[in-house]
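Residue-level listing of the chains:
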Amino acid sequence: MTRLVLASASPARRTVLRKAGIEPYVHVSGVDEDAVQATLGPRATPHHVVTELARAKAAAVVPALPADIVADAVVIGCDSMLLLDGELQGKPHTADVARARWRSMAGRSGTLLTGHCVIRVHDGRPVGESSADSATVVHFGTPSGDDLEAYLDSGEPMQVAGAFTLDGLGGWFIDRIEGDPSSVIGIGLPLVRRLLGDVGVGIAELWTASPDPA
Ligand SMILES: Nc1nc2c(ncn2[C@@H]2O[C@H](COP(=O)(O)OP(=O)(O)OP(=O)(O)O)[C@@H](O)[C@H]2O)c(=O)[nH]1
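Quick notes on the rules
- Residues numbered from 1 in each chain as written.
- Predicted model: local features only at pLDDT ≥ 70, side-chain atom pairs only at ≥ 80, totals over all residues.
- Heavy atoms only, no water.
- UniProt positions renumbered as here; feature names shortened; annotations may be inferred.
- Near = heavy atom within 4 Å.
- Polar contact = N/O pair within 3.5 Å; in protein donor to acceptor, adjacent residues only side chain to side chain.
- Areas by Shrake-Rupley, 256 points an atom, 1.4 Å probe, with all protein chains shown as cover.
- 1 Å grid on protein atoms, 1.4 Å probe; cavity = no way out; pocket = protein on both sides within 12 Å on 5 of 7 lines; lining within 4 Å.
- Sits in = over half its atoms within 2 Å of the grid points.
- Helix = DSSP H or I, 4+ residues; strand = E, 2+ residues; numbered from the N terminus.
- Nonpolar A, V, L, I, M, F, W, Y, C, P; charged D, E, K, R; others polar.
- Phe/Tyr/Trp six-rings, centres within 6.5 Å; stacked < 30°, edge-to-face > 60°.
- Buried < 20%, exposed > 50% of the residue type's maximum accessible area, 1.4 Å probe, protein only.

The protein is annotated in an unreviewed UniProt entry as Nucleoside triphosphate pyrophosphatase from Rhodococcus olei. The record held by UniProt for the protein lists under Cofactor (unreviewed entry) the comment "a divalent metal cation".

Written out as structure tokens, the structure reads:
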């Protein structure tokens, strides 16, 4: 049976796949995203940046996988960033940066871009690849000062691209989205289904017997 390998440390991506019926084999890529982005140069478009980062993550994992996995696998790399005022934003890492971002984006909208790369591996060798990014417009609410400070104190916004989540505490501050919710969380299910089709893999082949609906 073809095994789906998630080349990501993201717990959210793992959860999305589990709830959608796939128990991924997780192998974190450890890719230096800043270094990859530097090689792309200042003229790289935001779509190109997130897709190349996703490709770098998937490609880095292939040679590190055990033989029984790479006998028959699809390796998926992803990268999510928020495009706001023409600038790509990753994780804020600090409360000060997250606060400044929320003060700038409250009441406005941005586009959450998630790059995806699928590499088909057979008998230990890459035999196919397909990549694309998904774009979802996110309309931000306006948290009160107290709510924003409490959200920052939770620690959540510092760990996620764009300093918000759709499916966590951040959900209270997202008015609506235009696009695929799973790609905002970190891995776009309908896009991954298409990319898997490009490399000859049907999504139902990968479903485990008991999806995790919890
Ligand atoms: N739960 C949740 N996580 C989100 C949301 N938006 C972005 N994220 C997470 O923010 C992180 C974006 O950083 P990335 O560099 O793409 O991924 P990472 O977590 O560093 O993990 P790698 O794939 O190993 O690089 C991912 O873990 C996403 O799942 C959201 O709405 N909900």
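K.L.:
For this particular structure, what's the right way to read the site of the ligand?
P.N.:
The full set close to the ligand counts 20 residues, and Ser8, Arg13, Leu166, Asp167 and Ile185 are the nearest of them. At 2.9 Å from an oxygen atom of the ligand is found a side-chain nitrogen or oxygen belonging to Ser10. Here an oxygen atom of the ligand sits 3.3 Å away from a polar atom, N or O, in the side chain of Asp79. The protein chains hide 90% of the 630 Å² of surface that the ligand would expose on its own. For the ligand, the cavity whose grid points lie within 2 Å of the majority of its atoms is the largest pocket. Secondary structure elements with two or more residues in the shell around the ligand: helix H1 (11–19), strand E3 (72–84) and helix H7 (181–185). When residues of the shell around the ligand are assigned to their parent elements, the largest contribution, three residues, is made by E3. A breakdown of the residues in the shell around the ligand according to their chemical character gives nine nonpolar, five polar and six charged.

K.L.:
It is not clear to me how the packing of aromatic side chains should be interpreted in this structure. Could you clarify?
P.N.:
Two aromatic rings, taken as a pair, are described by how far apart their centres are and by the angle between their planes. A complete count under the given rule lists five aromatic pairs for this structure. With a centroid separation of 6.0 Å and 75° between ring planes, the pair formed by Trp102 and Phe173 is classed as edge-to-face. In this pair, Trp102 is assigned in helix H5 (residues 95–105) and Phe173 in the loop between helix H6 (145–154) and strand E7 (174–178), connecting sequence segments 71 residues apart. Each member of the pair, Trp102 as well as Phe173, is classed as buried. Its relative accessible area of 11% is what places Phe173 among the buried residues. One aromatic cluster is present, formed by Trp102, Phe140, Tyr151, Phe164 and Phe173 through successive ring pairs.

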